[in-house]
Amino acid sequence: MELTMNIVKRETQPLKNSNDVVLARQKVRQWAIELRFSLVDQTKLVTAASELARNALDHGKGGSMTAEVITSGAKSGLRLVFEDQGPGIPNIDLALKDGYTSASGMGLGLGGSKRLVNEFDIQSEVGKGTKVTVIRWK
Amino acid sequence: MEKIPVLRMGPLLLITIQIDMHDKLALQLQDDVTHRISEYGSTGVLIDISSLEIVDSFIGRMLANIAAMSRVLGADTVVVGMQPAVAITLVELGMSLPGVRTALTVEAGMELLLGAVAEDANGTDHEHRQA
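Please read these numbers as outputs of a predicted model, since none were measured by experiment. In this convention, every chain numbers its residues from 1, walking through the sequence in written order. Written order decides the labels, with chains lettered from A and ligands numbered from 1. In view of the model being predicted, local features appear only for residues whose pLDDT reaches at least 70, and side-chain atom pairs are presented and counted only at 80 or more, with totals across whole chains, interfaces and linings using the full set of residues. Side-chain descriptors were evaluated using all non-hydrogen atoms of the structure, hydrogens and water having been removed beforehand.

A few words on the interface of chain A and chain B. Contacts between chain A and chain B engage 23 residues on the former and 20 residues on the latter. Here chain A and chain B share an interface that buries about 2100 Å² over both sides, 57% of which is from carbon and sulfur atoms. The term salt bridge refers to a side-chain nitrogen of Lys or Arg lying within 4 Å of a carboxyl oxygen of Asp or Glu. Our count for the contact surface shared by chain A and chain B stands at 6 salt bridges. Two N or O atoms count as a polar contact when they lie within 3.5 Å, although within protein this holds only if one can serve as hydrogen donor and the other as acceptor, and sequence-adjacent residues are included solely when both atoms are side-chain atoms. In this assembly, chain A and chain B are joined by 10 residue pairs in polar contact (both at pLDDT 80 or more). The helix count covers DSSP runs of H or I at least four residues long, the strand count covers runs of E at least two residues long, and both are numbered beginning at the N terminus. Elements supplying a minimum of two residues to the side of chain A that touches chain B: helix H1 (18-34), helix H2 (39-58) and helix H4 (109-115) of chain A. Any residue outside Ala, Val, Leu, Ile, Met, Phe, Trp, Tyr, Cys, Pro, Asp, Glu, Lys and Arg is labelled polar, Gly included; the first ten of those are nonpolar and the last four are charged. Classifying every residue of the side of chain A that touches chain B gives 7 nonpolar, 10 polar and 6 charged. The contact rule is simple, with two residues in contact once any of their heavy atoms fall within 4.5 Å. Buried area, as used here, totals the accessible surface that two parts lose on assembly, with accessibility defined by a 1.4 Å probe and the loss added over both.

The next subject is the side chain of Arg136(A). All names here are of chain A. Topologically, Arg136 is positioned in strand E5 (residues 129-137). Using a relative accessible area of 10% as the deciding quantity, one classes Arg136 as buried. Here the side chain of Arg136 touches Leu116 through a polar contact of 2.8 Å, landing on its backbone oxygen. Partly exposed residues are those whose accessible area sits between 20% and 50% of the maximum for their type, while under 20% is buried and over 50% is exposed, using a 1.4 Å probe and protein chains only.

Let us look at the packing of aromatic side chains. The rule is short: rings of Phe, Tyr and Trp, with Trp giving its six-membered ring, pair when the centres are within 6.5 Å, and they are stacked under 30 degrees, edge-to-face over 60, tilted in between. In the structure shown here, the tally under the stated rule is 0 aromatic pairs over all chains. Criterion for a charge above a ring: Arg CZ or Lys NZ at most 6 Å from the ring centre, at most 35 degrees from the ring normal. Over the ring of Trp137(A) we find Lys75(A), and its NZ or CZ is 4.3 Å from the ring centre. Seen from the ring of Tyr40(B), Arg8(B) lies directly overhead, with NZ or CZ sitting 4.3 Å from the centre.

By nonpolar core we mean a set of buried residues, namely Ala, Val, Leu, Ile, Met, Phe, Trp, Tyr and Cys, connected to one another through side-chain atoms within 4.5 Å. Among the nonpolar cores identified, the biggest contains 33 residues, and Leu78(A), Leu80(A) and Phe82(A) are the most heavily contacted of them. Every element with two or more residues in this core is listed here: H1, H2, strand E2 (63-72), strand E3 (75-84), helix H3 (92-96), strand E4 (119-125) and E5 of chain A. The element contributing the most residues to this core is H2(A), with 8 residues. Other than its neighbours up to four places away in sequence, Phe82(A) contacts Leu15(A), Ala49(A), Leu52(A), Ala53(A), Ser64(A), Met65(A), Thr130(A), Lys131(A) and Val132(A). If you look at the next biggest cluster of nonpolar residues, it comprises 30 residues, including Ile4(B), Ile15(B), Val33(B) and Ile66(B).

Another point: the sheet that holds E4(A). Hydrogen bonds between backbone groups are what pair the strands of a sheet, and the pairing can be parallel or antiparallel. Residues and elements named next belong to chain A. Strand order in the open sheet formed by 5 strands is E1-E2-E3-E5-E4, and the pairing between neighbours is antiparallel. Where the open sheet ends on each side, the last strands, each with one partner, are strand E1 (5-15) and E4. Averaged over all neighbouring strand pairs, the angle between strand axes comes to 15°, with direction disregarded. Think of it this way: DSSP has to see at least two bridges between two strands before they count as a pair. In terms of strand pairing, E1 meets E2 through 10 bridges, oriented antiparallel. In the strand pairing of E2, Gln13 is matched with Met65. Here an axis means a line fitted to C-alpha atoms, over the contact stretch when the element is a helix, while the angle between two N-to-C directions is reported on a 0 to 180 degree scale. Strands in contact with H1 are E1, E2 and E3; relative to E1, the strand with the most contacts, it is inclined by about 160°. Strand contacts of H2: E1, E2, E3 and E5, with the helix running at about 15° to E3, the strand carrying the most contacts.

Okay, structure coming up:
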């Protein structure tokens, strides 16, 4: 049986330019510290956030990141939701493959950030946008 | 506008990245380094990233680009001071920074670069500098 998730706090950061990506990283770092994540876990989470925020900016033509501190039973974690109203991803399996890129990155953004978190969900509709949800549990 | 300083020390260029870089700043640095190498005829580039709390694929690509462009212009690049948590994350992300030489400390990086310069002065060419 799945335990219900409670949202302790939530904040949304717009992603309209590359400076917003820096602000998103700082927000995630700050909350990860508050949750007492280890330094390595903080770094993984912030790096994943950086990749996904840049994706929303470069591929999705801008969007937002919503950060949430969540609890489920005795455990707590950080959930990050990246949303854009960009062109969407026609082939998600392909986009998750390392080395696949349609922009200026190294093609590690999606697949790489998936490896840096505990839970990863991506939903995309062509012409409507993309929503990526990640969770890292403490 | 904020800018990352590129310092000249003899045959070397020294760069210490001390701010949370946004993408435009990373691209600007790439430009600056290549221009300085050709202006000063530098033979080595040392990039200290000990203050960087993350290296994502974009910053990683910038480091790899600087190393590649420097090489084409005849300069070696060494990246020093990567934090252990950053190294762990980079590898998990899937990046191994191919073509980028690394050293643990500024001293070690400097030794690598100055060693390379001395070798060249003695006529023992680096393989990548041979015609």
